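Residue-level structure breakdown
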Amino acid sequence: MPLGVSIIFSGSGAWQQTGGRPLFAEVGMAEDVNQETPIPEEENGSEFEIPEELRGQVTITTLDKLYNWGRRNSVWPMMFGLACCAIEMICVAASRYDFSRFGMEVMRPSPRQSDLMIVSGTVTKKMIPQIVRLYNQMPEPKYVLAMGACASGGGPFKEGYNVVSGVDKFVPVDVYVPGCPPTPQALLHGLITLQEKIDKQSIQSVRWYSKQASEPIPIPILGPDLIDPRDLPDFAERQAAVEEKAAAEAKT
Amino acid sequence: MAETESTKVLDEIKTKFGDAVSPDEREGYDGYLVRAENLLDFATFVRDALGYDYLSSVTGVDYIVEDKMEVVYHAYRTSGGPALLFKVQTQREKSVVPSLVSIYPGADFQEREAWDLLGIEFEGHPDLRRILLWDGFHGHPLRKDWREAYFEEDQKPFGNRWPEGKVYRIEDKVPFNKNVKYPANFTPEGWVPEGEGTLYASLGRMEKSNGNGTGSEHIVVNLGPQHPSTHGVFRMVAELDGETIVDLKPVMGYLHRNHEKIGERNTYIMNMPFTDRLDYICSMGNNFAYALSVEKLMDVQPPERAEYLRVIMAELTRVVNHFWAIGFLLNDLGAFFTPALYAINERELILDVFEAVSGSRMMCNYFRFGGLARDLPPGTAEVIRDLAFERLPEKIDELERYLTENEIVRVRGEGVGVLTAEQAIGFAAAGPVLRASGVPYDVRKAEPYSIYDRFDFDVAVRYNGDVYDRYLIRVDEIRQSIRILQQAIQDLPEGEIQTGRPQYQVRVPAGESYGRVENPKGELGFYVISDGSPTPYRYHIRAPSFINVTGMAEMSRGQKIADVVAILGSIDIVLGETDR
Ligand code: SF4
């Protein structure tokens, strides 16, 4: 916080800032749609009356809006490319499409510093342990964007023996961008959709401030085929059922 | 001429090997069948006496009906000319074939791939481990009796997906609702993961280095698979003495998308869009090689205009690729993103042309057997003309002005990652990597395909074989491509772009064929076997990005760890093609 700023909290999350420039004018102007805890109009007006002489410098908004405004304009993607889609992702970073217009140009090679994982390409079984590990290493708040048909659901290579049918089998996905590869415009649209999603979040309900810390996702294991540790509890039963079915099929 | 040459070769082989080597007389097949016990002698003879010094492709074929495994070798002379094919057969159970690594070091990774995917063991291979899949994977997927978890039918097009008026997803039909399949009686409790012990054991000795009195130990550093400089999901395991590379193992397969298995289920034309996704920077070039190999089998020729357009697209692709490669090499040298921005700028202009002709920026899917999918839309020829005569020549000069004499580029490039001409040929390096080492071998000249014999251009060659020369050779090649483009666009004739009617289901007579082109990254070859059915019986890709990394360890030994990044950048790999 810059010096000379005082914040007044109200029970409903409205707050007031005084001093300095009208830094948050933009927040106040953001559309009110989809807000999880809408602030009644009269609250702004009645409870916190802004004196005439401060009108140009003070604006009233909600903590959610301020918080989301900060995050939505500095979504740092991880520098992480998997396949063909990564090339289009690079083009989005380059001058013609240029996602730095949205505060996203700071691509970080380290997961520890990034907010967004753009899964740009085919997710293979050999790679998925690393992807899950990278996801676990990212600090909250973190988002995942599945770019392209492959990351969303397996894509053209879905039937392949080394291909995972979409990254959402292992990590939660926030935005799916269809295409093979999605055009740069489509990826930009996906990123803007993510921003809209961020706008709708409320500090009261987001998982990274909830009491239970989020558990890391168990890392898949490379066995004779890919093993998802979450399958292990009833693995034997399910495997037996498969073998039974195979035996029955072999008979017919 | 070619006839007399081949009869002479045949005579020589007959006198030397007698019955051990016989011509392959199956319908539509070519080359020689060699007995396994004579393979080493034969290969030595082929290399030393006949001069076929360049073993381009090694792959296996599973003939399940005959109960045979076959290994197919394509050898070439670096002085040019057609291939010498030889094959060796073995039984399907416990297939063993002598390894050719001692004669052709370039067979190293390709034999490992054949072991990994087909289960053919190569006796005498120094480091026979799985290469694309992981140690401990169950089975060898390219065997004809190996079925993936999502198996539906042997050949496409598959049957009805909404049999009772209700659509189903394949996930609903498999265990765990996932793309997994475990061997019978597998239980996770009793199972011990193989881990990566063999990988680390395959590195050189980890003993203490003495001699300098420090008694320091070697350490192992993993670069990748998620590393900003590995151009995708490539991994290198480096053994270091201080900062110096003692040994290095490339580890790949993180983008292994089962191209060949899927390709053998697909119909011929269905594979065309899949080839786009091999080397995804150069989709037009991939289309070209695949179209050539199937056209050879079908015995069709595209019309004149299509030939010209093919060459134009292939050369534009080369310009795109080399711009991209130079930009990202500079990225790796530490000039983060600014040179790449210049390069991407030109690429975007060419991508606009691709989008105009094919409808897609990257995945063009533009070639058809016997022609092309569409003609040029109005105005595109002028755009290409403008690029070829005005924009690109100017921009390549600009790029050179910024980079060629740049102090950092020179210091970090000169003398780094050297590959001599003999080594480059031995490792079957292709494309700019081979030519930067002083071997003027370019498929466009060595065995001209399409209409490349009509154009006036030079094979770029440089002699030092280091990172700097591999940068320079790409600049040279862009200039040569611009020359070809200028001629092609001037002479572009009017007319048809497809021989016969475009067909969805092509008829491909039985036989084998190997179609190769000089792709921007090197020789790209498609080895296709048809058994007369709608889908290829065998579909193998000789991928330059894959084979070029065979020499990576040799280039890196003795260099500093930071140089490895530059060396990899100068080889210019694309993981879609390396791992397939
Ligand atoms: S969706 Fe298409 S372009 Fe993207 S990674 Fe998959 S195959 Fe490549």
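Quick caveat, the model's predicted, so the values are computed rather than measured.

**As for the pattern of salt bridges**
Residues and elements named next belong to chain B. Applying the stated rule across the entire model yields 57 salt bridges over all chains. Note that Glu-315 and Arg-444 form a salt bridge whose closest N and O atoms lie 3.2 Å from each other. On the criterion of sequence distance, the pair formed by Glu-315 in helix H8 (residues 304–332) and Arg-444 in helix H14 (residues 443–446) is long-range, its members being 129 residues apart. Arg-444 carries the same exposure label as Glu-315, and that label is buried. A salt bridge links Asp-458 to Arg-483, with the nearest nitrogen and oxygen atoms 3.0 Å apart. Of this pair, Asp-458 sits in the loop between H14 and helix H15 (467–491) while Arg-483 sits in helix H15, placing them 25 residues apart in sequence. When its relative accessible area of 41% is taken as the criterion, Asp-458 is described as partly exposed.

**Let's talk about unusual backbone geometry**
In the segment running from Glu140(A) into Pro141(A), the intervening peptide bond is cis, with an omega of -10 degrees. The omega angle of the peptide bond from Lys156(B) to Pro157(B) is -5 degrees, so this bond is cis rather than trans. Along the chain, the position of Pro157(B) falls in the loop between strand E7 (121–123) and helix H4 (197–201). Of note in the backbone geometry, Asp299(B) takes a positive phi value of approximately 60 degrees without being a glycine. As for its placement among the helices and strands, Asp299(B) is situated in the loop between helix H7 (283–298) and H8.

**Brief notes about the environment of Ser283(B)**
Residues and elements named next belong to chain B. Tracing the sequence through the fold places Ser-283 in helix H7. Along the sequence, Ser-283 and Arg-391 sit 108 residues apart, while their C-alpha atoms lie 23 Å from each other. Ignoring any residue separated from it by four or fewer positions in sequence, one finds Ser-283 in contact with Asp-276, Met-362, Met-363 and Cys-364.

**A closer look at the interface of chain B and chain A**
On the side of chain A, 53 residues touch chain B, which itself brings 64 residues to the contact. Summed over both sides, the interface between chain B and chain A buries roughly 5400 Å², with carbon and sulfur atoms accounting for 64% of that surface. A per-residue breakdown of the area chain B buries against chain A is headed by Trp134(B), Phe176(B) and Gln226(B), which together make up 15% of the total. Across the contact surface, chain B and chain A share eight salt bridges. Asp228(A) is paired through a salt bridge with Lys178(B); the nearest N and O atoms lie 3.4 Å apart. Applying the counting criterion to the chain B and chain A interface returns 28 residue pairs in polar contact (both at pLDDT 80 or more). Where the side of chain B that touches chain A is concerned, the elements lending two or more residues are helix H5 (259–265), H8 and helix H9 (338–358) of chain B.

**Some points on the site of the ligand**
Surrounding the ligand, one finds 16 residues, the nearest of these being Cys84(A), Cys85(A), Ala149(A), Cys150(A) and Cys180(A). The ligand is flanked by residues contributed from chains A and B. Elements supplying a minimum of two residues to the shell around the ligand: helix H4 (84–93) and helix H6 (148–153) of chain A. Take the shell around the ligand: its biggest share by element is three residues, from H6(A). When its residues are assigned to classes, the shell around the ligand shows 10 nonpolar, four polar and two charged.

**Examining the domain arrangement of chain B**
How big an interface is tends to be expressed through the accessible area that disappears when the partners come together. All names here are of chain B. Under the domain assignment, chain B is made up of domain 1 (2–123) and domain 2 (259–578). Domain 1 and domain 2 are separated by 27 Å when their C-alpha centres are compared. Taken together, the contact pairs 34 residues of domain 1 with 28 residues of domain 2. A combined buried area of about 2400 Å² lies between domain 1 and domain 2, and 59% of that area is made up of carbon and sulfur atoms. Summed over the shared surface of domain 1 and domain 2, the result is one salt bridge. Note that Lys-87 is salt-bridged to Glu-512, the shortest N-O span being 2.8 Å. Taken together, the connections running from domain 1 to domain 2 amount to 17 residue pairs in polar contact (both at pLDDT 80 or more).

Scoring rules and cut-offs
- Residues numbered from 1 in each chain as written.
- Chains lettered and ligands numbered in written order.
- Predicted model: local features only at pLDDT ≥ 70, side-chain atom pairs only at ≥ 80, totals over all residues.
- Heavy atoms only, no water.
- Salt bridge = Lys/Arg side-chain N within 4 Å of Asp/Glu carboxyl O.
- Helix = DSSP H or I, 4+ residues; strand = E, 2+ residues; numbered from the N terminus.
- Buried < 20%, exposed > 50% of the residue type's maximum accessible area, 1.4 Å probe, protein only.
- Contact = heavy atoms within 4.5 Å.
- Buried area = accessible area lost by both parts, 1.4 Å probe.
- Polar contact = N/O pair within 3.5 Å; in protein donor to acceptor, adjacent residues only side chain to side chain.
- Near = heavy atom within 4 Å.
- Nonpolar A, V, L, I, M, F, W, Y, C, P; charged D, E, K, R; others polar.
- Domains from an automatic or database assignment.

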